[in-house]
Amino acid sequence: MKDHLYFIDLNKTDILDKTYRYKQILESVFVNGKIDFKDISNIPRDLRERLRDVSEIVNLKEETREVSVDGTVKFLFRLHDGAFIESVFLVDINSNVTFCISTQVGCRMGCVFCRTGTMGLVRNLTSYEILSQIIYIYSYMFNECDIKDRLFNIVFMGMGEGLDNFDNLVDTIKLIVKKEHFGLSPSRITVSTCGLADMITRFSFIYPNVRIAVSLNSPIQEKRASIMPVSNKYPIDKLASVLKEIYQRTRNRITLEYVLIKDYNMSDEDIKALSIFNSDAFHINLIPLNHSDENVKRPEENDITSFMSKLEKKGFCVTRRYRRGADIKADCGQLCTEFKK
């Protein structure tokens, strides 16, 4: 890793003696998907070499790339300290592109159904490490994919709890929405959280139009706390109250991610308890568990459809998330690496 300037700060140096050079570099990266100064052909070669000596466009390295049968791509990135993170590129059946981005190496939230949680928290990512994932995957989309529409969405649903790395997450979003960078609309960004109620409120005042997705997984306090330790600090009633207040203020519907676990959270009792979330404020996204072990099991398909049907009959706004990248362990809750140094 070069321990010096981020390329977005090059305008603060005397290396770029002409303002338009900086604009050329920004356009090359954020429009044309260049991730190495040597490939920016609209600036002189000697300047490219000088820039490589003092800066770099991304401060991570692609270690491996896995491509699913459904077109999903999972990247394993090595960071400057030898730690690894995973990021995912997805295209849905409607050709909508989404980048799934990590915010931490590991995670300290300890949710029992999530493989990332088995790592514990190694460290937070810097805002530039988070941004580097986005720049790198954009470069992949722009230069290697046959995608005519260059629009994309970002979901901070990769490794880590984004709101547990609050300042770096906020700084990253500040960079990607800037007009001279990606100029991404906040409505194209989703932050997933296990339910850090205080941080959700704080975040919603800074970015009221960024989408919020909350990992709920049970509306019953005792059940939720047994699989999501965060619920001991932020119980269901407090979380529900906070989310309803945010909806009243922003009018942006909040997604409740509901991981379906066999014989655990799909009973009539669970549906009854979910009634506190049966309003215009919420959209429930059902996610059948993507793996099974001695603690949790994926439900049968008929049980999944039955549970969804019951919710629909009760008037819930509910959808189902279908698996993407299952064969390369790129789907929800499956990202996990080993820390090596």
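Residues numbered from 1 in each chain as written. Predicted model: local features only at pLDDT ≥ 70, side-chain atom pairs only at ≥ 80, totals over all residues. Heavy atoms only, no water.

**Q** Describe the overall build of the protein chain, with residues and values.
**A** Helices and strands together make up the secondary structure of the protein chain, namely nine helices and 14 strands. For the protein chain, the spread of C-alpha atoms along the principal axes amounts to about 70 × 40 × 40 Å. Across the 341 residues in the protein chain, those meeting the buried criterion constitute 54%. Across the protein chain, the fraction of contacts at a sequence separation of at least 24, relative to all contacts at a separation of at least 6, is 66%. A total accessible area of about 15600 Å² is found for the protein chain, and carbon and sulfur atoms account for 47% of it. When the 48 positive and 46 negative side-chain charges of the protein chain are each reduced to one mean point, those points stand 3 Å apart. (Helix = DSSP H or I, 4+ residues; strand = E, 2+ residues; numbered from the N terminus. Buried < 20%, exposed > 50% of the residue type's maximum accessible area, 1.4 Å probe, protein only. Contact = heavy atoms within 4.5 Å. Areas by Shrake-Rupley, 256 points an atom, 1.4 Å probe, with all protein chains shown as cover. Lys, Arg positive; Asp, Glu negative; His and termini not counted. Charge placed at Lys NZ, Arg CZ, Asp CG, Glu CD.)

**Q** Run through helix H3 (residues 127-144), naming residues and quoting values.
**A** Its 18 residues give H3 an end-to-end C-alpha distance of 26 Å, which sits within 8% of 26 Å, the value for a rise of 1.5 Å per residue. Within H3, 15 of the 18 residues are buried, which leaves it mostly tucked inside the rest of the structure. (Expected span 1.5 Å × (residues − 1).)

**Q** Before we move on, can you summarise the pairing of strand S3 (residues 61-67) with the specific residues and values?
**A** With six bridges connecting them, S3 and strand S4 (residues 73-78) associate as antiparallel partners. Bridge assignment links Glu66 to a residue of S4, and that residue is Lys74. Hairpin connection, S3 to S4: the antiparallel pair is bridged by five residues, and Gly71 has positive phi, about 95°. (Pairing = 2+ DSSP bridges.)

**Q** Please give an account of the pairing of strand S12 (residues 254-260) that cites residues and values.
**A** Two faces, one strand: in a regular strand the side chains alternate between the faces of the sheet. Of all seven residues in S12, seven are buried, a share of seventy percent or more. Sheet topology note: the strand S11 (residues 211-215)/S12 ladder contains three bridges and is parallel. Across the sheet, residue Ser215 finds its bridge partner in S12, namely Glu257. For the crossover from S12 across helix H8 (residues 268-273) to strand S13 (residues 282-288), the handedness is right-handed. (Right-handed = clockwise from strand over helix to strand, strands pointing away.)

**Q** Now, about empty space enclosed by the protein: what can you tell me, with residues and values included?
**A** Per the stated rule, a full pass over the model turns up one cavity of 30 Å³ or more. By volume, the largest cavity is sized at about 60 Å³. Contributing to the lining of the largest cavity are Ser204, Tyr207, Pro208, Val210, Arg211, Ile212, Ile246, Thr250, Asn252, Arg253 and Ile254. Secondary structure elements with two or more residues in the lining of the largest cavity: S11 and helix H7 (236-250). Among the residues forming the lining of the largest cavity, the class breakdown is six nonpolar, three polar and two charged. (1 Å grid on protein atoms, 1.4 Å probe; cavity = no way out; pocket = protein on both sides within 12 Å on 5 of 7 lines; lining within 4 Å. Points joined across faces, edges and corners; volume = space filled by probe spheres on them. Nonpolar A, V, L, I, M, F, W, Y, C, P; charged D, E, K, R; others polar.)

**Q** I'd like to hear about the pattern of salt bridges, residue by residue, with values.
**A** Under the criterion given, the structure shown has 21 salt bridges. Here Asp164 ties to Arg108 by a salt bridge, and the two come within 2.7 Å at their closest N and O atoms. One end of the pair, Asp164, is in the loop between strand S9 (153-156) and helix H4 (166-176); the other, Arg108, is in the loop between strand S7 (104-106) and strand S8 (121-124), and 56 residues separate them in sequence. Classification of Arg108 by relative accessible area gives exposed; the value is 55%. Asp198 is the salt-bridge partner of Lys238, the closest N and O atoms lying 3.3 Å from each other. Separated by 40 residues along the polypeptide, Lys238 in helix H7 and Asp198 in helix H5 (residues 197-206) bring together distant segments of the chain. According to the relative accessible area criterion, Lys238 is partly exposed, its value standing at 33%. Given a relative accessible area of 39%, Asp198 falls into the partly exposed group. (Salt bridge = Lys/Arg side-chain N within 4 Å of Asp/Glu carboxyl O.)

**Q** Give me the lowdown on the nonpolar core, citing residues and values where you can.
**A** Counting residues in each nonpolar core, the largest one holds 106 residues, and the members touching the most others are Phe7, Phe89, Phe99, Phe152, Phe156 and Phe203. For this core, the leading source of residues is H3, giving ten residues. Setting aside residues no more than four positions away along its own chain, Phe152 makes contact with Val97, Phe99, Ile134, Tyr138, Met141, Phe182, Leu184 and Arg188. (Core = buried A, V, L, I, M, F, W, Y, C linked by side-chain atoms within 4.5 Å.)

**Q** How would you summarise the sheet that holds strand S6 (residues 97-100) if you had to cite specific residues and measurements?
**A** What holds strands together in a sheet is hydrogen bonding between their backbones, with the strands either parallel or antiparallel. Strand order across the open sheet formed by ten strands is S3-S4-S5-S6-S9-S10-S11-S12-S13-S14, with mixed pairing between neighbours. Strand pairing shows two members of the sheet lacking a second neighbour, S3 and strand S14 (318-320), which therefore form its edges. Between one strand axis and the next, the sheet turns through 20° on average, direction left out of account. Where H7 meets the sheet, its contacts fall on S11, S12 and S13, and the angle it forms with S12 comes to roughly 145°. (Axes fitted to C-alpha atoms, helices over the stretch in contact; angles between N-to-C directions.)

**Q** Which residues make up the packing of H5 against H7, and what values do they have?
**A** At a closest axis distance of 9 Å, the pairing of H5 and H7 adopts a crossing angle of 10°. It follows from the interaxial angle that H5 and H7 lie roughly parallel. Contact with H5, carried on its side by Ala197, Asp198, Ile200, Thr201, Ser204 and Phe205, involves Lys238, Leu239, Val242, Leu243, Ile246 and Arg249 of H7 and no other residues of that element. For the contact of H5 with H7, the per-class residue count stands at seven nonpolar, two polar and three charged. (Parallel < 35°, antiparallel > 145°, perpendicular 65-115°, else oblique.)

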